[in-house]
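As a plain string of letters, each chain reads:
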Amino acid sequence: MSTLIQRYSASERNNHWLVAIAFILAALSGLALFHPAFFFLTNLFGGGTWTRILHPFIGAVMFLFFIVMAARFWRPNRITPADRQWMRRIGDVIRNRDEGLPEPGKYNAGQKYLFWVLVIGIPVLLVSGIFIWQPWFAPFFPIWLLRVAVVVHALAAWIIILGIVVHVYAAIWVKGTIRAMTRGTVSAAWAKHHHRAWYRETTGK
Amino acid sequence: MALQSLDIKARSATTTPSPDARANGAIPVAKLIDISKCIGCKACQVACMQWNDLRDEVGTNVGVYDNPMDLTDQSWTVMRFSEVEVQQGRLEWLIRKDGCMHCADPGCLKACPAPGAIVQYSNGIVDFNEEHCIGCGYCLTGCPFNIPRISKKDNKAYKCTLCSDRVAVGLEPACVKTCPTGAIVFGSKVDMIHHAEGRIADLKERGYSNAALYDPQGVGGTHVMYVLQHGDQPELYAGLPKDPSISPLVSLWKGIAKPLMSFGIGLAVFAGFFHFVTAGPKEVEEEETD
């Protein structure tokens, strides 16, 4: 077993998983009300009416934990010129040809773009969601605004769901990644290979 | 099934055929409201309350004849009074009985995510089945006429049923039954259009050269129609929309976006799976450690 490097503190991990659990519940309950093919998912929440009642509260919880997480992860997610170079070689990354890629810091360009998609998308979901939140808020807004909000909400949710599908797959695809969020540590080899600049910074090598 | 004696043409959030076994279906029905004959007595409002067992809150008089001031979960029809001067110096009092228009292409049904909460019978009546309603309010976004109201008591959506329970057993709607001037008539849609033509010819003879039938084609026609003295300006009648249609936003959302976006999510999941099978995982050799 090679040396382990601390990547996430226990508090960061808990924060991530609280957002993740809320996201899964929000996505399942949201999809249930989006297409009849997913309506059966309302059974997980105690029926259609319960799904309608719970979904916005789940979303609000996700938003609250997300802003804390976003503040924590803000700094290392700033886009740099090296990220654009890395993104240009995304084809090689997908084909597992990692030799000679620009050296990512704590996050690679793909991770950073997902971060910024969420930073924009989740507040959009919150605001558009409040406009259509029955029975508490929707009655105070004009119907034209509800019409805009339902479309914006669906679109933002769709983009985020796609982003998270990629996020989850990337964690499965890149071996040794999941333990970063479950145990908080990664192997030195993993860090050196996938996040070399961060590896140097943390280990001083 | 909501009413066993009526076939269902369309059912909300349902992708399979609706119960439609009775081969002959039903004759499309319509309620025709002749605004030129309405005296604003509100007997129809009372009949609606009585038949449907509704009791709205007693409001306050704000100095106009409208009472109640708006549709609610307890008031499925209201008289809307408009004072207009189409010709300078000639005041006209236009009284429109507002309520669900029973669109042939119902936006509420299109928007509704709860299977069977909104049904359209083959006779054209659009009905809410509140026991399946989840209270999301999507029907409000679909309706071009601003009709459905969510009850504060049970968070379900309510609106005029066109007395589907009466029509199913061969009776006319309660408002029609009670109208003392014959301003509201009910029958097959074909007959009602025919009846309206006679009324329009009569109005034209009396100087209302723009008299017309209101059966807006933007929503596929309606099963509640108006005879308007000023058919060229429906907005005069308390903002009756000139060319109503389902909002393009709702059509996008519950039209192409719904299946396409669902497909996209499925595709992303499959792409991941087959990528893993094809390209395999990214594994790091341990010796890289040094």
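Bear in mind that the values here come from a model prediction, so they are computed numbers and not experimental data.

About the cut-offs
Residues numbered from 1 in each chain as written. Chains lettered and ligands numbered in written order. Predicted model: local features only at pLDDT ≥ 70, side-chain atom pairs only at ≥ 80, totals over all residues. Core = buried A, V, L, I, M, F, W, Y, C linked by C-beta atoms within 7 Å. Buried ≥ 20, exposed ≤ 12 C-beta atoms within 10 Å, placed from the backbone. Helix = DSSP H or I, 4+ residues; strand = E, 2+ residues; numbered from the N terminus. Domains from an automatic or database assignment. Contact = placed C-beta atoms within 7 Å. Pairing = 2+ DSSP bridges. Axes fitted to C-alpha atoms, helices over the stretch in contact; angles between N-to-C directions. Nonpolar A, V, L, I, M, F, W, Y, C, P; charged D, E, K, R; others polar. Bend = angle between axes of the 7 residues up to and from the residue. Parallel < 35°, antiparallel > 145°, perpendicular 65-115°, else oblique. Left-handed = near helix turned anticlockwise from the far one by under 90°.

Undergrad: Give a description of the nonpolar core that names residues and reports values.
TA: One finds I35, C112, I118 and C139 of chain B to be the most contacted residues of the largest nonpolar core, which totals 105 residues. With 10 residues, the top contributor of residues to this core is helix α6 (residues 143–173) of chain A. Here this core spans two domains, and each of domain 1 (8–246) and domain 2 (249–279) of chain B adds at least three residues to it. Sequence-distant contacts of C139 of chain B, that is, excluding residues within four places in its chain, are made with C108, A111, C112, I118, P148 and A157 of chain B.

Undergrad: Please provide a residue-by-residue account of the sheet that holds strand β6 (residues 126–128) of chain B, values included.
TA: Residues and elements named next belong to chain B. What the 3 strands build is an open sheet, ordered β1-β5-β6; its pairing is antiparallel. The open sheet has two edge strands, β1 (8–11) and β6, and neither has a second partner. Across this sheet, the average inter-strand angle for adjacent strands is 25°, counted without regard to direction. As paired strands, β1 and strand β5 (residues 118–121) are joined by 3 bridges and run antiparallel to one another.

Undergrad: Talk me through the interface of chain A and chain B; I want residue IDs and the actual numbers.
TA: Quite often, the size of an interface is put as the accessible area lost when its parts meet. If you look at the interface, chain A gives 40 residues, while chain B gives 41 residues. Elements represented by at least two residues in the side of chain A that touches chain B include exactly α2 (48–73), α6 and α8 (188–194) of chain A. Considering every element that reaches the side of chain A that touches chain B, the biggest residue donor is α6 of chain A, with 14 residues. Split by residue class, the side of chain A that touches chain B holds 26 nonpolar, 9 polar and 5 charged.

Undergrad: Summarise the sheet that holds strand β10 (residues 212–214) of chain B; cite the residues concerned and give the values.
TA: All names here are of chain B. Spatially, 4 strands are ordered β9-β2-β11-β10 in an open sheet, and the strand pairing comes out mixed. The sheet terminates laterally at β9 (184–188) and β10, the two strands that pair on one side only. The average angle at which neighbouring strand axes cross in this sheet is 25°, direction not considered. Sitting on the sheet, helix α6 (residues 189–205) touches β2 (29–34), β9, β10 and β11 (224–228), and the angle it makes with β9 is about 135°.

Undergrad: Any chance you could break down unusual backbone geometry for me, citing the residues and the numbers?
TA: Residue P135 of chain A is bonded to the preceding Q134 of chain A through a cis peptide linkage, with omega at -5°. Here P135 of chain A lies in the loop between α5 (109–131) and α6. Following N67 of chain B, the chain continues to P68 of chain B via a peptide bond in cis, the omega torsion being -5°. Looking at the secondary structure, you find P68 of chain B in the loop between α1 (43–52) and β3 (78–87). Here H102 of chain B, not a glycine, exhibits a phi torsion of approximately 50°, which is positive. Of note, H102 of chain B is situated in the loop between β4 (90–98) and α2 (107–111). Even without a glycine there, the phi angle at L162 of chain B is positive, about 55°. Relative to the helices and strands, L162 of chain B resides in the loop between β8 (157–158) and α4 (164–167). For L162 of chain B, a count of 29 C-beta atoms within 10 Å corresponds to the buried category.

Undergrad: I'd like a rundown of helix α7 (residues 248–279) of chain B, residues and numbers included.
TA: In the structure, α7 of chain B departs most strongly from a straight axis at A257 of chain B, where the bend amounts to approximately 55° and where the proline P259 of chain B lies between one and four residues downstream. Each element contacted by the buried residues of α7 of chain B is listed here: α6 of chain A together with α2 and α3 (138–142) of chain B. Backbone geometry just downstream of α7 of chain B places G280 of chain B in the positive-phi region, at approximately 80°.

Undergrad: Can you lay out the pairing of β5 of chain B for me, pointing to particular residues and giving the numbers?
TA: All names here are of chain B. Burial along β5 is two-sided: the face carrying I118 and Q120 and the face carrying V119 and Y121 are both buried. Two strands pair when backbone bridges link them, and β5 and β6 are joined in this way by 3 bridges, in the antiparallel orientation. Considered in β6, the bridge of V119 is made with D127. Between β5 and β6, which pair antiparallel one after the other, the connecting turn spans 4 residues, and G124 there sits at a positive phi close to 100°.

Undergrad: Requested: an account of the packing of α5 of chain A against α6 of chain A, with residues and values cited.
TA: Residue and element names in this part refer to chain A. Put simply, α5 and α6 touch, their axes get as near as 8 Å, and they point 150° apart. Judged by the angle between their axes, α5 and α6 are roughly antiparallel. With respect to the hand of their crossing, α5 and α6 are arranged in left-handed fashion. Contacts between α5 and α6 involve G110, L114, V117, L118, G121, V124, L125, S128, G129 and F131 from the former and L145, L146, A149, V152, H153, A156, A157, I159, I160, G163, H167 and A170 from the latter. In terms of residue class, the contact of α5 with α6 is made up of 15 nonpolar, 7 polar and no charged.

Undergrad: How would you sum up the environment of A196 of chain B? Please name residues and give values.
TA: With respect to the helices, strands and loops of the structure, A196 of chain B is situated in helix α6. When sequence neighbours within four positions are dropped, the list of residues in contact with A196 of chain B reads L32, L213, M225 and V227 of chain B.

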